[in-house]
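Structural features, examined
Residue-level listing of the chains:
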Amino acid sequence: MPGRVENKVAFITGAARGQGRSHAVRLAEEGADIIALDLLEPIPFVTYPGSTQEDLDETVRLVEKTGQRIIARKGDVRDLASVKAVVDEGVAEFGHLDIVCANAGIMVFHEWQDGTPEIWDYTIATNLTGVWNTIMATAQHMIDSGGGSMILTASTSGLKGTPFLNPYTAAKHGVVGLMRAFASELAEHNIRVNTLHPTGVETEMTAHIQPLIAGFLERHPQLGGMMVNQLPVQISQPIDQSNGVLFLASDEARMITSTEFKVDAGATAY
């Protein structure tokens with residue numbers, strides 16, 4: 001039985017671990033070859049460790065275990081030339097590009113008075129400019145391939161305000177704007193562009209951040225309700241988000257574009 005993305009090629013940023021690795025493996029399980037990019041460096045300001053070459057090697061191992069091919073490289077989404085080099089290499093090897101997952105991002109929790117220009121600039125450069133760079137590095141390849149699906153990872157913070165994350169919230173709202181603008185222009189090329197809006201996801205990042213959030217909410221308990229899911233779950237799993245990515249990447253979603261696709265356990269319903 002053919003897979004849902006059989007013979008397609010997917011480019012995924014932030015693929016060394018967490019949601020990015022999960023997306024790579026899930027798409028590979030359904031027949032896609034993978035082009036993977038990750039920074040593989042410590043990230044200033046954040047409270048969790050940066051990804052490593054060993055992390056990316058594990059993504060490679062898991063994808064190859066499915067029988068699919070993968071090219072995995074170090075790259076920085078803040079630098080268009082860096083992203084383009086990885087994409088171009090992958091397309092030269094695999095011949096086409098059909099799926100783009102702009103997944104890479106950082107999260108720096110802080111109370112508003114502790115914000116700095118450096119935190120703002122780094123967050124916007126990674127979470128917003130990085131998405132723009134990803135689109136710019138891949139769009140022509142997708143046009144040449146006859147179309148495809150771009151999935152831009154936003155967040156519940158792209159649909160509502162989130163306390164202690166003002167640069168992140170601004171960036172994720174901006175990702176929704178990019179989605180709407182590029183969906184309009186790229187539609188004539190049969191390229192669909194949608195945003196994915198996860199609730200909290202259990203990854204290395206959230207494991208390190210949860211104690212920090214708890215401390216903030218002890219000082220500001222009136223904000224706790226803003227971080228509650230409607231469904232009786234505290235946090236989602238990476239596979240929950242990857243199944244959403246798979247749907248948007250597949251032909252099952254061929255009529256879906258310019259949409260905010262929520263996999264948020266009802267978090268944005270409040």
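My aim in this report is to walk through the structure given alongside it, one point at a time. Just so it is clear, the model here is predicted, and its values are computed rather than measured. (Residues numbered from 1 in each chain as written. Predicted model: local features only at pLDDT ≥ 70, side-chain atom pairs only at ≥ 80, totals over all residues. Heavy atoms only, no water.)

Concerning the packing of aromatic side chains
A full pass over the atoms with the stated rule returns two aromatic pairs. Taken together, a centroid distance of 6.0 Å and an interplanar angle of 80° make the contact between phenylalanine 45 and tyrosine 122 edge-to-face. Of this pair, phenylalanine 45 sits in the loop between strand S2 (33–38) and helix H2 (53–65) while tyrosine 122 sits in helix H4 (residues 117–144), and the two are 77 residues apart along the sequence. (Phe/Tyr/Trp six-rings, centres within 6.5 Å; stacked < 30°, edge-to-face > 60°. Helix = DSSP H or I, 4+ residues; strand = E, 2+ residues; numbered from the N terminus.)

Quick word on the side chain of serine 250
With respect to the element layout, serine 250 can be found in the loop between helix H7 (238–249) and strand S7 (260–263). Classification of serine 250 as buried rests on a relative accessible area of 1%. When near neighbours in sequence (up to four residues on either side) are disregarded, serine 250 contacts Arg4, Val5 and Arg192. (Buried < 20%, exposed > 50% of the residue type's maximum accessible area, 1.4 Å probe, protein only. Contact = heavy atoms within 4.5 Å.)

Observations regarding helix H5 (residues 166–186)
Counted at 1.5 Å a residue, the expected span for H5 with its 21 residues is 30 Å, and the 30 Å between its end C-alpha atoms agrees. By the burial criterion, the buried members of H5 are Pro167, Tyr168, Thr169, Ala171, Lys172, Val175, Val176, Leu178, Met179, Phe182, Ala183 and Leu186. (Expected span 1.5 Å × (residues − 1).)

A word on the layout of surface pockets
Rolled over the atoms, a probe with the dimensions of a water molecule shows which regions are left empty. In this structure, the second largest pocket spans a volume of roughly 210 Å³. Looking at the lining of the second largest pocket residue by residue, the classes come out as two nonpolar, seven polar and five charged. (1 Å grid on protein atoms, 1.4 Å probe; cavity = no way out; pocket = protein on both sides within 12 Å on 5 of 7 lines; lining within 4 Å. Points joined across faces, edges and corners; volume = space filled by probe spheres on them. Nonpolar A, V, L, I, M, F, W, Y, C, P; charged D, E, K, R; others polar.)

With respect to the sheet that holds strand S4 (residues 99–102)
If you walk across this open sheet you meet the seven strands as S3-S2-S1-S4-S5-S6-S7, and the pairing is parallel. Either end of the sheet is taken by a strand with one partner, and the two such strands are strand S3 (70–74) and S7. Pairwise comparison of adjacent strand axes, ignoring direction, gives a mean angle of 15° for this sheet. One ladder, built from five bridges, connects S2 with S3; its direction is parallel. Counterpart to alanine 36 in the pairing with S3 is alanine 72. Packing of H4 onto the sheet brings it into contact with strand S1 (9–13), S4, strand S5 (148–153) and strand S6 (191–198), and relative to S5 it is tilted by some 175°. (Pairing = 2+ DSSP bridges. Axes fitted to C-alpha atoms, helices over the stretch in contact; angles between N-to-C directions.)

Some points on unusual backbone geometry
Of note in the backbone geometry, phenylalanine 45 takes a positive phi value of approximately 80° without being a glycine. For serine 258, which is not glycine, the phi dihedral falls at a positive 60°.

Points about the environment of threonine 195
Checked against the element boundaries, threonine 195 lands in strand S6. Here the alpha-carbon distance between threonine 195 and phenylalanine 261, two residues 66 residues apart in the chain, equals 5.8 Å. When near neighbours in sequence (up to four residues on either side) are disregarded, threonine 195 contacts Leu152, Ala154, Val175, Val176, Met179, Thr259, Glu260 and Phe261.

Regarding the pattern of salt bridges
Under the definition given, this model contains 13 salt bridges. Among the ionic pairs, glutamate 111 bridges to arginine 219, the shortest N-O distance being 2.8 Å. Pair noted here: glutamate 111 is in the loop between S4 and H4 and arginine 219 is in helix H6 (residues 204–219), with a separation of 108 residues, a long-range link. Judged by its relative accessible area of 11%, glutamate 111 falls in the buried class. Among the ionic pairs, arginine 180 bridges to glutamate 260, the shortest N-O distance being 2.6 Å. Of this pair, arginine 180 sits in helix H5 while glutamate 260 sits in strand S7, and the two are 80 residues apart along the sequence. Beyond isolated ion pairs, a larger network of salt bridges with shared partners links Arg26, Glu29 and Glu30. (Salt bridge = Lys/Arg side-chain N within 4 Å of Asp/Glu carboxyl O.)

Digging into the nonpolar core
The biggest cluster of nonpolar side chains holds 32 residues, and the ones touching the most others in it are Phe11, Ile35, Leu97, Met150, Leu152 and Val193. The element best represented in this core is H5, accounting for seven residues. Excluding its chain neighbours within four sequence positions, the residues that come into contact with leucine 152 are Ala102, Val131, Ile135, Val175, Met179, Val193, Asn194, Thr195 and Leu196. Counting 27 residues, the second largest nonpolar core, distinct from the first, contains Val5, Val60, Val63 and Val263. (Core = buried A, V, L, I, M, F, W, Y, C linked by side-chain atoms within 4.5 Å.)

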